[in-house]
Amino acid sequence: MRPFGAFVDIGGADGLLHVSEIGWTPVSHPRDVLRVGERIQVEVLRLDQERSRIALSRKRLLSNPWESIEERYKVNDTILVTVTRVIDFGAFAQLEPGIEGLIHISELADITVAEPLKMVSSGDRIPVKILRIHPDRQRIGLSRRQSDEIIGQALLETEAESYEIRAAE
C-alpha cells in the first residue's frame, strides 16, 4: 500500500490499483478501504510491456451511482448533504458515497458571500435544494439559499433523533 495506490498480485505479476480506481467515493489512502491480503476483483485497464506496468481498476466493476441518480433525486428536492470541501467559488457537498454536488458561492446565502469559509466548513450537515442534475457530466447543482427551511429543519431534527437512538443502543 502506498498513498497513491495499492499493488495487487494478479497471479504472478503485480499491477497498480491507483487510488482513483479503488471506488466511486474519493479515497485518501488505500488502507482506508483495502487490507493487505484481501482478495478483490479488478479489471485490467492497461498493459505497458515497455515499462513492465499493469494498470488496474476496481471502480469499473462496481455499479456507478451516477447511472441511477435521477431515480433517487429530483430537481427541487430539499435534502441533507455533508460539505466536503470549501473553495473560492463555493463548496462541494456529498449527497451519498460517490455523489458530490456544487453549491456555488451565489447559492450559499441570501447575502453576497465573499469568503465561503465564513458560511460553511468541511463536515457541516446542511439542507440544500437540488437545482439541476446532469448524470452524463456527473454534476449536480445545489443551493443552500433556496432550500426549503421547514423541510431542512425537519430533516436535521430527524437525523439528530436517529443518531440519538443509535447512540443509546
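This is a predicted model, so every value here is computed, not measured.

The rules behind each value
Counting restarts for each chain: residues are numbered from 1 in the order of the written sequence. Local features in a predicted model are, by the rule used here, given only for residues with pLDDT of at least 70; side-chain atom pairs are given and counted only at 80 or more, and totals for whole chains, interfaces and linings are based on all residues. Hydrogens and water are ignored here; the side-chain numbers use all heavy atoms of the structure. What is meant by a nonpolar core is a set of buried Ala, Val, Leu, Ile, Met, Phe, Trp, Tyr and Cys residues, joined one to another through side-chain atoms within 4.5 Å. Remark: exposure states derive from per-residue accessible area (1.4 Å probe, protein chains only) relative to the maximum for the residue type, with buried under 20%, exposed over 50%, and partly exposed in between. Numbered from the N terminus, helices here are DSSP runs of H or I no shorter than four residues, and strands are runs of E no shorter than two. Any pair of residues with heavy atoms lying within 4.5 Å of one another is described as a contacting pair. Each Phe, Tyr or Trp ring, with Trp reduced to its six-membered ring, pairs with another whose centre is within 6.5 Å; inter-plane angles below 30 degrees give stacked pairs, above 60 give edge-to-face pairs, and intermediate values give tilted ones. Think of it as a cone above the ring: NZ of Lys or CZ of Arg counts as a charge over the ring if it is within 6 Å of the ring centre and within 35 degrees of the ring normal. Any Lys or Arg side-chain nitrogen found within 4 Å of a carboxyl oxygen on Asp or Glu counts as a salt bridge. Here, a strand pair is defined by DSSP locating no fewer than two bridges between the strands. Each axis is a line fitted through C-alpha atoms, and for a helix only the stretch in contact is used; angles between axes span 0 to 180 degrees, taken between their N-to-C directions.

Participant: Break down the nonpolar core for me, citing the residues and quoting the values.
Facilitator: Among the nonpolar cores identified, the biggest contains 20 residues, and Val-81, Leu-95, Ile-140 and Leu-142 are the most heavily contacted of them. When residues of this core are traced back to their parent elements, those giving at least two are β5 (78–87), β6 (90–96), β7 (99–104), β8 (125–134) and β9 (139–143). Leaving out residues up to four positions away in the same chain, Ile-140 has contacts with Trp-66, Ile-69, Leu-95, Ile-99, Gly-101, Leu-102, Ile-130, Arg-132 and Ile-133. Ranked by size, the runner-up nonpolar core spans 9 residues in total, among them Val-19, Val-27, Ile-54 and Leu-56.

Participant: Talk me through the packing of aromatic side chains; I want residue IDs and the actual numbers.
Facilitator: A full pass over the atoms with the stated rule returns 1 aromatic pair. Pairing Phe-4 with Phe-7 gives two aromatic rings, centres 6.1 Å apart and planes at 85°, and the pair type is edge-to-face. By relative accessible area, which is 40% here, Phe-4 ends up partly exposed. The ring of Phe-92 is capped by Arg-85, whose NZ or CZ atom sits 4.3 Å from the centre of that ring.

Participant: I'd like a description of the environment of Glu-159, backed by residues and values.
Facilitator: Relative to the assigned elements, Glu-159 resides in helix α2 (residues 149–168). Glu-159 sits in the partly exposed class, given a relative accessible area of 29%. Each C-alpha atom, one on Glu-159 and one on Val-33, is 26 Å from the other, the two residues being 126 residues apart in sequence. In contact with Glu-159, not counting residues within four places along its chain, are Leu-80 and Arg-125.

Participant: If you had to explain the pattern of salt bridges to someone new, which residues and values would you point to?
Facilitator: Pairs can form between side chains of opposite charge once their charged atoms are near each other. Scanning all chains against the criterion turns up 5 salt bridges. The residue Arg-85 makes a salt bridge to Glu-100 at a minimum N-O spacing of 3.2 Å. One end of the pair, Arg-85, is in strand β5; the other, Glu-100, is in strand β7, and 15 residues separate them in sequence. A relative accessible area of 43% means that Arg-85 is categorised as partly exposed. Glu-100 sits in the partly exposed class, given a relative accessible area of 21%. Across the pair Glu-107 and Arg-145 runs a salt bridge whose closest N-O atoms are separated by 3.1 Å. With Glu-107 in the loop between β7 and β8 and Arg-145 in the loop between β9 and α2, the pair connects residues that are 38 residues apart, well separated along the chain. The exposure class of Glu-107 is buried, given its relative accessible area of 11%.

Participant: Please give an account of the sheet that holds β6 that cites residues and values.
Facilitator: The mixed closed barrel is built from 5 strands, whose spatial order is β5-β6-β7-β9-β8. Sheet twist, expressed as the mean angle between neighbouring strand axes with direction ignored, is 50°. Where β8 lies against β9, 5 bridges are found, and the strand directions are antiparallel. Residue pairing across strands places Ile-130 opposite Leu-142, the latter belonging to β9.

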